[in-house]
Amino acid sequence: MYRREGIAMQTIEIKDNVFLLNTANTSYMFYADKFRHLQHVHYGDRCFISDFEALCLKRCIQYGDTIIYDEKTDDEYTLDSLPLEYGSYGNGDFKEASIEIEDDLSFTCDFLYVSHEVVKEDLKIKDLPSSYGSDSTLIVHLEDPVNKLKLDLYYTIYPQEDVISRRAVLINSSEREFVLHKLMSYCLDLFEEDLTLMSFFGAWDKETHLNVTGLVRGTCTLGSRVGFSSAKNNPGFIIRKRNTSENFGKAWGFNLVYSGNHYSSISKDEYSIHRIQGGISPERFHYSLLPGNSFETPEAILTYSGTGLNVLSDHFHRFINNHIVRSKWKNRERPIKINSWEGFGFDFKKDDLIKKLAKIAAKLGIELFVLDDGWFGRRSSDKRGLGDYNCNLKKIPGGISSLSEEIHKLGMLFGIWVEPEAINIDSALYEKHPEYAIKDGERQFRFGRHELLMDLTNKDVQDYIVENVGKLIDDNSVDYIKWDMNRMMDGVSGVYNHEYIKGLYSVLERVFISRPDVLFESCSSGGNRFDLGMLCYSPQIWSSDDTDPIERIDIQKGLSYLYPVSTMGAHVSASPHMQTLRQTPLETRFNVAAYGCLGYELDLSLLSPLEKYEIERQVAYYKKHRRTFQFGTFYRFDDEKDYEAFEAVNGDEAIVTKYRRLVHAVPVYDKLRVEGLEEDGEYKISSKPYLHNLKMFGNLINFVTPVKVNADSKLIEIITKFKGMDASIQDYKASGRALKSGIYLNNLFLGTGYNSNIRIPLDFGSDMYESRVSETTDKNKD
Ligand code: DGJ
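Described in the following lines is the structure provided in the data block. Here the structure is a predicted model, which is why all the values come from computation and not from measurement.

## Side note on the overall build of the protein chain
In step 1: Each helix and strand in the protein chain was counted, giving 15 helices and 40 strands.
In step 2: Expected size for 782 residues packed as a compact globule is a radius of gyration near 28 Å; at 28 Å, the protein chain falls within 12% of this value.
In step 3: Based on the C-alpha atoms only, the size of the protein chain along its principal axes is roughly 100 × 70 × 45 Å.
In step 4: Split into buried and exposed, the 782 residues of the protein chain put 61% on the buried side.
In step 5: Summed over its atoms, the accessible surface of the protein chain is roughly 30800 Å², and 51% of this surface lies on carbon and sulfur atoms.
In step 6: Here the protein chain contributes 94 positively and 116 negatively charged side chains, and the mean placements of these two sets differ by 6 Å.

## What to know about helix α11 (residues 586–593)
In step 1: In terms of residue burial, α11 counts as a mostly covered element, since eight of its eight residues are buried.
In step 2: The inward-facing, buried residues of α11 abut α10 (549–560), β29 (568–573), β30 (597–601), α12 (609–631), β33 (653–660) and β40 (766–773).

## Details of the environment of T588
In step 1: Tracing the backbone shows T588 in helix α11.
In step 2: Taking the C-alpha atoms as reference points, T588 and Y659, separated by 71 residues in sequence, lie 7.5 Å from one another.
In step 3: For T588, the contacting residues outside a window of four places in its chain are P549, I550, F764, G765 and S766.

## Digging into the sheet that holds strand β32 (residues 643–650)
In step 1: Pairing in this open sheet of six strands is antiparallel, and the strands run β31-β32-β33-β40-β35-β38 from one edge to the other. The strands lining the two open edges of the sheet, one partner per strand, are β31 (633–636) and β38 (731–735). Within this sheet the neighbouring strands show an average axis-to-axis angle of 20°, counted without direction.
In step 2: Of the strand pairs in this sheet, β31 and β32 are connected by four bridges, and their pairing is antiparallel. When the sheet's bridge partners are listed, R636 is paired in β32 with F646.
In step 3: Packing of α10 onto the sheet brings it into contact with β31, β32 and β33, and relative to β32 it is tilted by some 45°.

## A word on the sheet that holds β29
In step 1: Strand order in the closed barrel formed by eight strands is β21-β22-β23-β26-β27-β28-β29-β30, and the pairing between neighbours is parallel. The average undirected angle you get between the axes of adjacent strands in this sheet is 30°.
In step 2: Pairing of strand β21 (residues 337–339) with strand β22 (residues 368–371) involves three bridges; the strand directions are parallel. Bridge assignment links I338 to a residue of β22, and that residue is F369.
In step 3: The sheet strands contacting helix α8 (residues 494–513) are β26 (480–483) and β27 (519–522), and the helix crosses β26 at an angle near 165°.
In step 4: Contacting β28 (540–542) and β29, α10 runs over the sheet at an angle of about 170° to β29.

## Concerning the site of the ligand
In step 1: Near the ligand lie 13 residues; those nearest to it are D372, D373, K482, D484 and D545.
In step 2: D545 is positioned such that a nitrogen or oxygen atom in its side chain is 2.5 Å from an oxygen atom of the ligand.
In step 3: Summarising the interface, the protein chains cover 98% of the accessible area of the ligand, which totals 300 Å² for the free molecule.
In step 4: For the shell around the ligand, the class distribution of residues is four nonpolar, three polar and six charged.

## Points about a nonpolar patch on the surface
In step 1: Residues I67, Y89, F94 and F107 make up a contiguous nonpolar surface patch of roughly 460 Å² in combined accessible area.
In step 2: Within the fold, I67 resides in the loop between α1 (52–55) and β5 (99–102).

## Describing the nonpolar core
In step 1: W375, I481, W483, Y600 and L604 are the most contacted members of the largest nonpolar core, which totals 177 residues.
In step 2: At ten residues, α8 tops the list of elements feeding residues into this core.
In step 3: Setting aside residues no more than four positions away along its own chain, W375 makes contact with F348, Y389, N390, C391, N392, I396, I400, I416, W417, V418 and L472.
In step 4: Formed by 18 residues, the second largest nonpolar core is a distinct cluster that contains V649, V674, Y732 and V773.

## A look at unusual backbone geometry
In step 1: Across the junction of S575 and P576, the peptide omega takes the value 0°, indicating a cis bond.
In step 2: Secondary-structure assignment places P576 in the loop between β29 and α11.
In step 3: One non-glycine residue, R36, adopts positive backbone phi at about 75°.
In step 4: With respect to the element layout, R36 can be found in the loop between β3 (26–32) and β4 (38–45).
In step 5: Look at S525: it is not a glycine, yet its phi comes out positive at around 45°.

## Section: the pattern of salt bridges
In step 1: The full count for this structure, using the stated rule, is 57 salt bridges.
In step 2: Across the pair R515 and D474 runs a salt bridge whose closest N-O atoms are separated by 2.9 Å. Taken together, the positions of R515 in the loop between α8 and β27 and D474 in helix α7 (residues 459–475) put the pair 41 residues apart, joining distant regions of the chain.
In step 3: Residue class for R515 comes out buried when judged on its relative accessible area of 18%.
In step 4: On the basis of relative accessible area, D474 is assigned to the partly exposed category, the value being 47%.
In step 5: Ionic pairing is found between E717 and K695, a salt bridge with its closest N-O pair at 3.5 Å. Note that E717 is positioned in helix α13 (residues 714–722) and K695 in the loop between β36 (691–692) and α13, a separation of 22 residues in sequence.
In step 6: Under the relative-accessibility criterion, E717 is labelled partly exposed at 33%.
In step 7: Each of D93, K95, D189 and R275 takes part in salt bridges that share partners, so that together they form one network.

## With respect to the packing of aromatic side chains
In step 1: Throughout the structure, instances matching the rule amount to 39 aromatic pairs.
In step 2: Between Y595 and F634, the aromatic rings sit 6.2 Å apart at their centres with planes inclined by 75°, giving edge-to-face as the arrangement. On the criterion of sequence distance, the pair formed by Y595 in the loop between α11 and β30 and F634 in strand β31 is long-range, its members being 39 residues apart.
In step 3: When its relative accessible area of 1% is taken as the criterion, Y595 is described as buried.
In step 4: Cluster of aromatic residues (ring-pair linked, three or more members): F19, Y28, F30, Y43, Y113, Y155, W252 and Y304.

## So, empty space enclosed by the protein
In step 1: As enumerated under the stated definition, the model contains eight cavities of 30 Å³ or more in all.
In step 2: Lining the largest cavity are 14 residues, with I438, K439, D440, R487 and D490 sitting closest to its centre.
In step 3: In terms of residue class, the lining of the largest cavity is built from six nonpolar, two polar and six charged.

## A short note on the packing of helix α4 (residues 352–364) against α12
In step 1: Relative to each other, α4 and α12 sit at 55°, their axes nearing to 9 Å. With respect to each other, α4 and α12 are oriented oblique. Residue-level contacts link I360, K363 and L364 of α4 to K612, I615, E616 and V619 of α12.

## Overview of the environment of N497
In step 1: Considering the arrangement of structural elements, one finds N497 in helix α8.
In step 2: Measuring from C-alpha to C-alpha, the distance between N497 and F200 comes to 22 Å, with 297 residues separating the pair along the chain.
In step 3: Ignoring anything within four residues of it in the chain, the contact list for N497 reads G227, G260, N261 and M489.
In step 4: Here the side chain of N497 touches G227 through a polar contact of 2.8 Å, landing on its backbone oxygen.

Calculation rules
Residues numbered from 1 in each chain as written. Predicted model: local features only at pLDDT ≥ 70, side-chain atom pairs only at ≥ 80, totals over all residues. Heavy atoms only, no water. Helix = DSSP H or I, 4+ residues; strand = E, 2+ residues; numbered from the N terminus. Rg over C-alpha atoms; globule rule 2.2 N^0.38 Å. Buried < 20%, exposed > 50% of the residue type's maximum accessible area, 1.4 Å probe, protein only. Areas by Shrake-Rupley, 256 points an atom, 1.4 Å probe, with all protein chains shown as cover. Lys, Arg positive; Asp, Glu negative; His and termini not counted. Charge placed at Lys NZ, Arg CZ, Asp CG, Glu CD. Contact = heavy atoms within 4.5 Å. Pairing = 2+ DSSP bridges. Axes fitted to C-alpha atoms, helices over the stretch in contact; angles between N-to-C directions. Near = heavy atom within 4 Å. Polar contact = N/O pair within 3.5 Å; in protein donor to acceptor, adjacent residues only side chain to side chain. Nonpolar A, V, L, I, M, F, W, Y, C, P; charged D, E, K, R; others polar. Patch = residues over 30% accessible without salt bridge, like charges linked within 9 Å, V, L, I, M, F, W, Y side chains within 5 Å. Salt bridge = Lys/Arg side-chain N within 4 Å of Asp/Glu carboxyl O. Core = buried A, V, L, I, M, F, W, Y, C linked by side-chain atoms within 4.5 Å. Phe/Tyr/Trp six-rings, centres within 6.5 Å; stacked < 30°, edge-to-face > 60°. 1 Å grid on protein atoms, 1.4 Å probe; cavity = no way out; pocket = protein on both sides within 12 Å on 5 of 7 lines; lining within 4 Å. Points joined across faces, edges and corners; volume = space filled by probe spheres on them. Parallel < 35°, antiparallel > 145°, perpendicular 65-115°, else oblique.

Here it is as structure tokens:
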């Protein structure tokens, strides 16, 4: 049973040397053993502190071929075979260490329990963003008595969201210098069999694709070495029991509040301990820890569900909406936007084109106009201009402030694109400050998208960005910023990358925390920096440059395991699609983008009156159900044959969409399944109305028209610009219980005849259904 509201519980229970951390549905237990090592006991369903003895590992014989920690007092005690809260090298634990240090004397660390404290207010991490709004953090103080290093382990509890966050702080209280190579944010030793890893891999245009692999003995690592969190491996991942599905079984979720090079590893040892750990990438990381100094890791987010993946994702979603996202946009509905990029690229010679775009968008009900790349300095292509902020008056003669004014007069918000972390050699800024660019010693420049990165560890560079972006916002009444970043970072050390990321966070803090009204959408060639660190500043992130809806189903589905819909920028673009050349119905393009922060990104002036009419209806529909789409409980489905389906539920309202990939002849009867409604409630289910374009029928149109027509005729050409054919309107009634098990839908078209109840399938077609409490139930309630 999943309990959420009104929980009465003690979040941190401590008895003798046992620590129990409770959330609404989960418990995390560990203890300080007789040698004062922290041993992990349990992370899973709720349990009692009195279960400690039962849940604890039973150890009553010596393991062969191991290093005994203290032979004199206990010749059965060997750390290699024990589940630990934080692993280190040199004391007999040969599992992958969570900390690696080096000094003149030794590589060994042995951290022992000293004391603990419970803190009731938020604790900040120096120079890094973190979650907020918890009133219970347990800090366990450990110390290595030989090298005089101290290690503090932080456990912060978010009971309502079933999340526990972890991080570590290493303090050098000795009198000598240490080189720190690795300090993981957390280490979790899980004893479970049959575990499967779900990671999210990708590339530009192909982000967050789900990768599922069984865990075998050995080590699996995930990470990024490209300077930012990267689409190659999102920092978030899930471990589940092999048979866990969307609505059944155990799963553990992990993520990091960090945007730089990261590393996670999952190793299964000979005793079936799965050591899971994550943090800053240790590659090329040599941090000099001077006497008296400390090093703080980024925060890691852990969650567990005993009732399947949908619930696991819901933990992440509610946690992010409530404890990561800040600003006035926290839990606030996001505006529908029109973005100039896919429609025009750099190619808007005069601002007439974009003004026309804005006017049409305003008429269709779109709320935010975003001027993307190409508006400043020498920026006629991606080879030049980055670093400069002066408006290109040849393209926008009145300047940005007059454009912003005109947009505001149309009743829309005004947004603009910037890429502050990069510089082109062909720019006024580079001519003046070549030292602002990151260079790789004496080696020749290596460009990525023709650009170099700016040295964000340099205070002058930070000030330059803060001043220019701040001025751009303030002088032009900018309501929304799209902050892009398109170059990977190479040729630098791991420590430099960390310093860069800290510089970035400091810049974002200075620009956005003092301007909480500005909606900030982060972007990195699409979703290359989709992580919790960026979400601490930008309430939403551009999910991918790939706006083909069929590709987007996989991308948004992948994201949905870790991030809420309210954080995903999702746009309707042109068909055939820019990158895939695939033709898709306008309806499907909307139906996918609707499970995100909706926008349009195409030249609206090229659309037919019929398409504009459809967009106007889509915009109105989205506005009506925006709370459900953006902040509802999100569901995925396991066993949809030939389909993918998404659902969002907000109270009594559920919106489910079935996306078809390819049509098959003689399709099986298919069902509509709706999760998350009151089982005893009575619901009315109606399909979202839309129009089919008659042209898609070709000459088959003669099956449905009373007079014979030629599909290629001018007449049809003209008619189809204005008129469409109603998709079959479907209405059903069912209880929440029937909907959960699935109700049969009307037949699909088979080629054996036509009537208005038939659903017309299409390759890449989709149908959106809205379930709401039926009137009879409403009346009964009165
Ligand atoms: C990459 C982004 O992902 C796109 O959306 C667009 O803003 C371009 N950059 C502009 O250069």
